[in-house]
Amino acid sequence: MEITLQQTIARIRPADAAAMEAARARQDSLAKPPRSLGQLEEMGIRLAGMTGKVHNRVDKRRIVVLCADNGVCAEGVSSTPQSVTLSQTINLTRGLTGASSLAKHFGDEVRVVDVGVMTDVPCAAVVNRKVAYGTRNLRYEPAMTRDQAIQAICAGIEQADTARAEGVDILGVGEMGIGNTTTSSAVLAALTGASVEEVTGRGGGLVDSAFAVKKQVIREALERHRPDPADPVDVLAKVGGLDLCAMCGVFLGAAANRIPVVIDGFISVVAALCAARLCPHAKAYMIPSHASFEVGYSIAVRELGLQPYLLLGMRLGEGSGCPLAFLTVEASCAIMNEMATFAEAAIDDGYLDEIRQGDKFTVKGTEQ
């Protein structure tokens, strides 16, 4: 499994600089004032870097939802019963959850994968890649072994490889796992050195006493296990979750396959950060959706050097931001593919020369 992980990382290449330059020239030629379509223009340039093509389409869209339970729930860190992980794992396949109802409405595929639900999942539509029946309680012992973490990462890589083989144009990464804001906060604190207070929110909603317990549990776990911030796999194994590991794998696999991949909210952005720490080039393929209401989100997305495209006050998870981001990406493609150039519109664009001299695009997430 570790060989598969390293092989995947070795396949990831920087964004295609020549394609981005051609896309930038195309944007400059379109019949509009420079940068008048803002981040939609930036997104078109970034897409070219991901795919190597100026003209792109995102007709086949898929959200991969990684599902797993977390042993730390025994500490009362979530207001939601742990049984909800199983219930919503199944409901995701039926278009009944927030994310899957949006996906169903917009014609997006949803692939639900069990990497660590604490019971067997009685639903044939759920892909079974179970690594373990939930993780251990990270307050007292490492959440999983290193081998389990890598196995879960590879399960996510497999989903990206499958998506490429099945002609998927864009992926989104979601999750289902009660307690995973606790694991995500612990991983984020370990990777960045930020304080527990800076990265920990109330998740699905906690009263003050339970919120205090949640933060104390994370402090104790970090002090007890001392995860190595230079080794993201060590961090994930000690204080993470199987869902986080698999999500990290999807981000790595998407980059290796040059598939644009959408970040959902807090849990998703922490998994994306793990992928970027394993391979910095991977972030060139990531597209943030919405700015999660969860307190740690801003730290994680800033570490990635990316900027969310939507501000909706959302914090559901599941991949719920992905269908909305897909629409934004689709709009960006429409501009690049269908808008007239100045020449096609029979407009002399000489009046823009002075503006263009002082106006250059700054495209984030494409460091070479």
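Structure shown above.
One structure accompanies this document, and this report is about it. Worth saying up front: this structure is predicted, and the values here are computed from it rather than measured. (Residues numbered from 1 in each chain as written. Predicted model: local features only at pLDDT ≥ 70, side-chain atom pairs only at ≥ 80, totals over all residues. Heavy atoms only, no water.)

Observations concerning the nonpolar core
By size, the foremost hydrophobic cluster in this structure holds 117 residues, and its most contacted members are Leu171, Leu252 and Met286. Sort the elements by how many residues they give to this core and helix H11 (residues 242–256) lands first, with 12 residues. Apart from the residues lying within four places of it in its own chain, the contact partners of Leu252 are Leu5, Thr8, Ile9, Ile12, Ile153, Ala275, Leu278, Cys279 and Ala282. (Core = buried A, V, L, I, M, F, W, Y, C linked by side-chain atoms within 4.5 Å. Buried < 20%, exposed > 50% of the residue type's maximum accessible area, 1.4 Å probe, protein only. Helix = DSSP H or I, 4+ residues; strand = E, 2+ residues; numbered from the N terminus. Contact = heavy atoms within 4.5 Å.)

Some details on the layout of surface pockets
What the largest pocket holds in volume is close to 460 Å³. As for the largest pocket, its lining consists of 31 residues, of which Ile178, Asn180, Thr181, Gly204 and Leu316 are closest to the centre. At the level of secondary structure, the elements contributing two or more residues to the lining of the largest pocket comprise helix H4 (84–92), strand S4 (170–176), helix H7 (180–192) and helix H12 (266–278). (1 Å grid on protein atoms, 1.4 Å probe; cavity = no way out; pocket = protein on both sides within 12 Å on 5 of 7 lines; lining within 4 Å. Points joined across faces, edges and corners; volume = space filled by probe spheres on them.)

Examining helix H10 (residues 232–239)
Helical geometry note: an α-helix holds 3.6 residues per turn, so side chains three or four residues apart project in the same direction. Most of H10 is tucked away: 7 of the 8 residues are buried. Residues of H10 that are buried: Pro232, Val233, Asp234, Val235, Leu236, Ala237 and Val239. Along its buried surface, H10 packs onto helix H1 (2–11), helix H6 (146–165), H7, helix H9 (208–225), H11 and H12.

Observations regarding the sheet that holds strand S2 (residues 109–116)
Through backbone hydrogen bonds, the strands of a sheet pair up, either in parallel or in antiparallel fashion. One open sheet accounts for 6 strands, arranged S3-S2-S1-S4-S5-S6; its pairing is parallel. For this open sheet the edge positions go to strand S3 (127–128) and strand S6 (286–288), each flanked by a neighbour on one side alone. As paired elements, strand S1 (residues 61–68) and S4 share 7 bridges and run parallel to each other. Paired with Val64 across the two strands is Val173, which belongs to S4. (Pairing = 2+ DSSP bridges.)

Let's talk about the packing of H7 against H10
Here H7 crosses H10 at 145 degrees, and the two axes come no closer than 9 Å. Two packed elements cross with a definite hand, and for H7 against H10 that hand is right-handed. Seen from H7, the contacting residues are Thr183, Ala186, Val187, Ala190 and Leu191; seen from H10, they are Pro232, Val235, Leu236 and Val239. Among the residues forming the contact of H7 with H10, the class breakdown is 8 nonpolar, 1 polar and no charged. (Axes fitted to C-alpha atoms, helices over the stretch in contact; angles between N-to-C directions. Left-handed = near helix turned anticlockwise from the far one by under 90°. Nonpolar A, V, L, I, M, F, W, Y, C, P; charged D, E, K, R; others polar.)

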